[in-house]
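Structural overview
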Amino acid sequence: MSDIPLPPQAHKGRGAASNPQGRFESIRHHAEDDGWQSLLLDEQAPRPRTEVTEERARSVITRNDSPDIHFNQALNPYRGCEHGCIYCFARPSHSYLNLSPGLDFETKLRAKSNLAEVLRHELARPGYTVSPINIGSNTDPYQPIERRWKLTRAALEVLAECHHPCTIVTKNAMVERDLDILAPMAREGLVQVFFSVNSLDNQLAAKLEPRASAPHRRIKAIRTLAEAGVPVGVLVAPIIPALNDRDMEAVLAQAADAGARCAGYTTLRLPYELKALFREWLALHVPQRADHVMSLVQQMNGGRDYDSDFTTRMRGQGVFAELIRRRFDVACRKHGFGRARELRLDTTKFTPPRKPSPQGQLF
């Protein structure tokens, strides 16, 4: 029996090509070619299917004290993300579930089925301090499984009822579905939606973020929300040197034309297992540029694949990072964009949820 491992294979509709063990797993698996490799790699072999497991959460609001993140509360209805973005910095978080940051992250998902109930309980606590809650800081709240589970909508219903401010970050036009909630919240200064658009190249997007809405569809969704009175921002994130950085100005121009009011950007982050997954993706999809892309990534991270320093991890460092910053600033001035961090939502209207009473409510 040969000890040659099976080569990674691109899967249609998926970002990762393999399923490496997470960093906390105690058992390691090693694939070998036993002579049946051609059958295993047959194009007719079944594709990885999405599996959703119900999770009963004990808490749903997470707190953040990172100095480079401009919100201190977040809510994520799902663990893992079916969008399958190969660059997603949240992939390594699947290791905490004893699952792989690779294909498991986009196929073995967890849905917090009691999210609305727990959220209501947390907002009703006597010591709760109001601060905008970011929905989608880790995984996309409008990923495809939201059509069935509707957990993001359930969270929005609770927040709207309590007049609690929130921000939303998504790559999916499905957010239009909830305009009946978002538009009234917007009139009270309680919500802003950010669309992540890092390229206008549909072919590239189909490989980088295979199950997210196409770039032109996200731009259309920006227009739809803006016309409904919902303040919208655009995040050019992540910017990957020599791969999608050329589209930055065009993304900002189209988003501004569609009605986006503010903009932000981040550069590529490759924490933990994501380094190997991204290199594998480059070798499969853009082998002729793989070395050049990683060389520029390392230049932006002090000579390493990733530098976790809070002062540089979002924007990078060095000449290329400075060039991106200047280009972004020029484009923002040209289109009259404000910065995403300048957002101000109304925290004065919050009314804690009431516990249901058998006597009803008299006032």
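Just above sits the structure.
Residues numbered from 1 in each chain as written. Predicted model: local features only at pLDDT ≥ 70, side-chain atom pairs only at ≥ 80, totals over all residues. Heavy atoms only, no water.

Turning to the pattern of salt bridges, a few remarks are in order. All told, the structure shown has 25 salt bridges when counted by the stated rule. In this structure, Asp 201 and Arg 246 form a salt bridge, with 3.5 Å as the shortest nitrogen-oxygen distance. Taken together, the positions of Asp 201 in the loop between strand E8 (191-196) and helix H7 (202-208) and Arg 246 in the loop between strand E9 (232-239) and helix H9 (248-258) put the pair 45 residues apart, joining distant regions of the chain. Note that Glu 322 is salt-bridged to Arg 325, the shortest N-O span being 2.5 Å. With a gap of three residues between them, Glu 322 and Arg 325 both fall in helix H12 (residues 319-335), about one helical turn apart. Here Glu 322 falls in the partly exposed class, since its relative accessible area comes to 27%. A network of salt bridges, in which partner residues are shared, links Glu 146, Arg 153, Glu 157, Arg 177, Asp 178 and Asp 180. (Salt bridge = Lys/Arg side-chain N within 4 Å of Asp/Glu carboxyl O. Helix = DSSP H or I, 4+ residues; strand = E, 2+ residues; numbered from the N terminus. Buried < 20%, exposed > 50% of the residue type's maximum accessible area, 1.4 Å probe, protein only.)

Across the sheet, which stays open at both edges, the three strands sit in the order E1-E5-E4 with mixed pairing between neighbours. The sheet is open, and its two edges are formed by strand E1 (51-55) and strand E4 (78-79), each paired on a single side. Pairing of E4 with strand E5 (residues 108-112), which is carried by two bridges, proceeds in the antiparallel orientation. Across the sheet, residue Arg 79 finds its bridge partner in E5, namely Arg 110. (Pairing = 2+ DSSP bridges.)

Burial within strand E7 (residues 166-170) is extensive, with five of its five residues counted as buried. Sheet topology note: the strand E6 (residues 133-135)/E7 ladder contains three bridges and is parallel. Note that in E7 the partner of Ile 135 across the bridge is Ile 168. The pairing of E7 with E8 spans five bridges and is classified as parallel.

With that settled, consider the state of the cysteines. A complete count under the given rule lists zero disulfides for this structure. For Cys 85, which is in no disulfide, the shortest distance to another cysteine sulfur is to Cys 81 and amounts to 6.1 Å. (Disulfide = S-S within 2.5 Å.)

Attention shifts here to H12. Compared with an ideal rise of 1.5 Å per residue, which puts 17 residues at 24 Å, H12 spans 25 Å between its outermost C-alpha atoms and is within 8% of the ideal. Taken together, the buried positions of H12 are occupied by Phe 320, Ala 321, Ile 324, Phe 328, Asp 329, Ala 331 and Cys 332. Residues of H12 that are buried sit in contact with E9, H9, strand E10 (262-267), helix H11 (290-299) and strand E11 (338-339). Directly beyond the C-terminal end of H12, a positive phi value near 70° is found at Gly 336. (Expected span 1.5 Å × (residues − 1). Contact = heavy atoms within 4.5 Å.)

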